[in-house]
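# Tertiary structure, described
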Amino acid sequence: MLASGTGSLTKALIDAEQAGELQAHLVAIGVDREAAVLDVAAAAGLPSFLVFPADFPSRDDWNRALANAVAAYKPALVVSAGFMRILGDQYLDKLGRITINTHPALLPAFPGAHAVRDALNAGVSETGCTVHRVIAEMDAGPVLAQQKVPVLPGDDEATLHERIKTVERTQLVAVVNQIASGAIAL
Ligand code: GRF
């Protein structure tokens, strides 16, 4: 897992594994900053590692270090869930083939770090969430799964994001299981 935030999506995968509902075994959480997801990892007894961009002279060096840190766990799949960094070539050349990302909008609509706010500001009546393969262009890789979520009157960014994340958690678990079973080929 790669994450930067509160880690509720990470926790959904942890809970699914603990409930015997995940056809995968989580091996580690990687972060780019001190984040609440580290507590989620610790509570589950999962190893975590921090690859802090400011510790590296360039973005390329950071991408290379992140790829090495991830590859050390020999993952079959890397799930980026709220990892708020663009992955560059030095990462993607090594791990792009097995890296997926979840995004809180119906891509290609509303890419970027403020997808929920952008959807609200655009006045759409529905948005959603997308799991996609990661490529060098931000939030642009092939879509693996998508679900719609309504925008309701009175929504603010927090209420809408939480409604989206409720769907995102279930969708992410389902996609990981479909990849594990071969129903989705990467
Ligand atoms: C998710 O909506 C993800 O798509 C977005 O950040 C959120 C992560 O939520 N990029 P959490 O930190 O797992 O609760």
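Up top is the structure.
Let me sum up the structure you'll find in this document. On a predicted model such as this, the values are computed, not experimentally measured, just so you know.

What counts as what
Residues numbered from 1 in each chain as written. Predicted model: local features only at pLDDT ≥ 70, side-chain atom pairs only at ≥ 80, totals over all residues. Heavy atoms only, no water. 1 Å grid on protein atoms, 1.4 Å probe; cavity = no way out; pocket = protein on both sides within 12 Å on 5 of 7 lines; lining within 4 Å. Points joined across faces, edges and corners; volume = space filled by probe spheres on them. Helix = DSSP H or I, 4+ residues; strand = E, 2+ residues; numbered from the N terminus. Nonpolar A, V, L, I, M, F, W, Y, C, P; charged D, E, K, R; others polar. Near = heavy atom within 4 Å. Polar contact = N/O pair within 3.5 Å; in protein donor to acceptor, adjacent residues only side chain to side chain. Areas by Shrake-Rupley, 256 points an atom, 1.4 Å probe, with all protein chains shown as cover. Sits in = over half its atoms within 2 Å of the grid points. Expected span 1.5 Å × (residues − 1). Buried < 20%, exposed > 50% of the residue type's maximum accessible area, 1.4 Å probe, protein only. Contact = heavy atoms within 4.5 Å. Pairing = 2+ DSSP bridges. Axes fitted to C-alpha atoms, helices over the stretch in contact; angles between N-to-C directions. Left-handed = near helix turned anticlockwise from the far one by under 90°.

## With respect to the layout of surface pockets
Estimates place the volume of the largest pocket at around 710 Å³. Surrounding the largest pocket, 37 residues form its lining, Gly82, Phe83, Met84, Thr102 and Pro104 being those nearest its centre. It is helix α6 (residues 157–181) that contributes the most residues to the lining of the largest pocket, 4 residues altogether. Here the residues of the lining of the largest pocket are counted per class, giving 15 nonpolar, 15 polar and 7 charged. There is about 390 Å³ of room inside the second largest pocket. Taken together, 22 residues form the lining of the second largest pocket, with His25, Val27, Pro75, Ala76 and Leu77 sitting closest to its centre. Within the residue set of the lining of the second largest pocket, elements represented by two or more residues are β4 (78–81) and α6. Considering each element in turn, the lining of the second largest pocket owes the most residues, 3 residues, to α6. Here the lining of the second largest pocket is composed, by residue class, of 19 nonpolar, 2 polar and 1 charged.

## Remarks on the site of the ligand
Near the ligand you find 13 residues, and of these Thr6, Ser8, His161, Lys165 and Glu168 are the closest. One nitrogen or oxygen atom from the main chain of Gly7 is found 2.8 Å from an oxygen atom belonging to the ligand. The side chain of Lys165 places a nitrogen or oxygen atom 2.7 Å from an oxygen atom of the ligand. Here the ligand loses 91% of its free accessible area of 370 Å² to cover by the protein chains. Counting atoms within 2 Å of the grid points, the majority share of the ligand lands in the largest pocket. Mapped onto the shell around the ligand, the elements with two or more residues apiece are α1 (8–18), β5 (99–103) and α6. For the shell around the ligand, the element with the most residues is α6, which contributes 3 residues. Its residues placed into classes, the shell around the ligand shows 3 nonpolar, 8 polar and 2 charged.

## Details of α6
Compared with the 36 Å implied by 1.5 Å per residue over 25 residues, the 35 Å span of α6 between its first and last C-alpha is a close match. For α6, the full list of buried residues reads Leu160, Ile164, Lys165, Glu168, Arg169, Gln171, Leu172, Val173, Val175, Val176, Asn177 and Ile179. Where α6 is buried, its residues contact α1, β4, β5, α5 (115–122), β6 (126–133) and β7 (143–150). Phi turns positive, to about 90°, at Gly182, one or two residues after α6.

## Some points on the pairing of β5
Burial of β5 is extensive: 5 of the 5 residues sit out of reach of the surface. Alignment of β4 against β5, held across 4 bridges, turns out to be parallel. Bridge assignment links Ser80 to a residue of β5, and that residue is Asn101.

## Observations concerning unusual backbone geometry
Between Leu107 and the following residue, Pro108, the backbone shows a cis peptide bond with an omega angle of 15°. On the secondary structure map, Pro108 appears in the loop between β5 and α5. Even without being glycine, Lys74 reaches a positive phi, approximately 50°. Inspection of the secondary structure puts Lys74 in the loop between α3 (59–71) and β4. A residue is classified by how much of its surface remains accessible, and Lys74, at 73% relative accessible area, is exposed.

## What about the packing of α5 against α6?
Direction vectors running N to C along α5 and α6 enclose 115°, while the axes themselves pass 9 Å from each other. For the pair α5 and α6, the crossing hand works out as right-handed. Residues Val116, Arg117 and Leu120 of α5 pack against Glu157, Leu160, His161 and Ile164 of α6. Of the residues belonging to the contact of α5 with α6, the class tally is 4 nonpolar, 1 polar and 2 charged.

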